[in-house]
Amino acid sequence: MFLPEKKTRKPFKTSTKKTEWILATGKNPSSGKFVKMSKCRECGMPLTWGDRKYDFDHKDNNPANNSQSNCYLVCKSCHGNATLITKRKRKALGQTIGYETVKRKVGYKKSRKKTRNTKRVPIHGVFGEITGYRTVKIRKPKAVKSRKRKRKARKK
Ligand SMILES: [Zn+2]
């Protein structure tokens, strides 16, 4: 490709990648232990650190946002499915002088399903080690019932 990558695109830091890598396994990254095997966040395909079959995607599609929460471990095929590549004509003086590759994020399907109302929390033993897991319900914050009320309150 002769087109250079956008200057704003910066790769994630290795530490960010490793944290995401461990988070994808469901383990606690602050334990300091690194695991070589992880899995794709979307399809669950097993991944091995260093085998290049995965990508760390910018979840919000903003390549300049390299925050931990924006780092998303996916396998190459899921990354490809979430990115739509189209071509756009480049014109000069009404004539087509070439084509430009446009990458567009179409998003991941799964994100909606993620809103479960239960989660697994580890049970810690006396020495801080994980002795098991239990499922707890997540309390949803109360939804704001009507917008009208908000407006009235603002007027005051
Ligand atoms: Zn995948």
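Residues numbered from 1 in each chain as written. Predicted model: local features only at pLDDT ≥ 70, side-chain atom pairs only at ≥ 80, totals over all residues.

**Q** Hey, could you run me through the environment of Gly 132 in this one?
**A** Among the secondary structure elements, Gly 132 is positioned in strand β8 (residues 130-137). Put simply, Gly 132 and Pro 122 are ten residues apart on the chain and 5.8 Å apart in space, counted from C-alpha to C-alpha. (Helix = DSSP H or I, 4+ residues; strand = E, 2+ residues; numbered from the N terminus.)

**Q** Can you help me understand the pairing of β8 in this one?
**A** On a regular strand, one side chain projects to one face of the sheet and the next to the other, so that they alternate. The element β8 is barely covered by neighbouring structure, given that only zero of its eight residues are classed as buried. Of the strand pairs in this sheet, strand β7 (residues 118-124) and β8 are connected by seven bridges, and their pairing is antiparallel. Looking at β8, one finds that Lys 119 is bridged to Val 136. Adjacent in sequence and paired antiparallel, β7 and β8 are bridged by five residues, among which Gly 128 carries a positive phi angle near 85 degrees. (Buried ≥ 20, exposed ≤ 12 C-beta atoms within 10 Å, placed from the backbone. Pairing = 2+ DSSP bridges.)

**Q** Looking at this structure, I do not really get helix α1 (residues 14-25). What am I missing?
**A** Three- or four-residue spacings in an α-helix give side chains the same orientation, since the helix completes a turn every 3.6 residues. Taking 1.5 Å of rise per residue, twelve residues should cover 16 Å, and α1 covers 17 Å from first to last C-alpha, within 8% of that figure. Within α1, burial applies to Glu 20, Trp 21, Ile 22 and Ala 24. Those residues of α1 that are buried are in contact with β1 (37-39), β3 (54-58) and β4 (71-75). Two residues or fewer past α1, Gly 26 is found with a positive phi of approximately 90 degrees. (Expected span 1.5 Å × (residues − 1). Contact = placed C-beta atoms within 7 Å.)

**Q** Mind showing me how you'd approach unusual backbone geometry here?
**A** For residues that are not glycine, phi is negative in most cases, and the peptide bond is trans in most cases. The residue Arg 52 is not glycine, and still its phi comes out positive at about 65 degrees. Counting through the fold element by element, Arg 52 comes out in the loop between β2 (46-48) and β3. A residue is classified by how many C-beta atoms lie within 10 Å of it, and Arg 52, with 8 of them, is exposed. Positive phi, close to 65 degrees, is recorded for Asn 61, a residue that is not glycine. Looking at the secondary structure, you find Asn 61 in the loop between β3 and β4.

**Q** Could you clarify how one ought to interpret the nonpolar core in this entry?
**A** Soluble globular proteins tend to bury their nonpolar side chains together. The biggest cluster of nonpolar side chains holds 13 residues, and the ones touching the most others in it are Cys 40, Tyr 54, Leu 73, Val 74, Cys 75 and Cys 78. The set of elements that each furnish at least two residues to this core consists of α1, β4 and α2 (76-82). Among the elements that make up this core, the one with the highest residue count is β4 (five residues). Look past the residues within four positions of Cys 78 in its chain and what remains in contact with it is Cys 40, Glu 42 and Cys 43. (Core = buried A, V, L, I, M, F, W, Y, C linked by C-beta atoms within 7 Å.)

**Q** I would appreciate a short explanation of the pairing of β4 in the present structure.
**A** Among the five residues of β4, five are classified as buried, and the element is accordingly described as predominantly covered. In β4, alternate side chains face the same way, and those of Cys 71, Leu 73 and Cys 75 on one face and Tyr 72 and Val 74 on the other are all buried. Note: β3 against β4, five bridges, orientation antiparallel. Each residue of the ladder has a partner; that of Phe 56, found in β4, is Leu 73.

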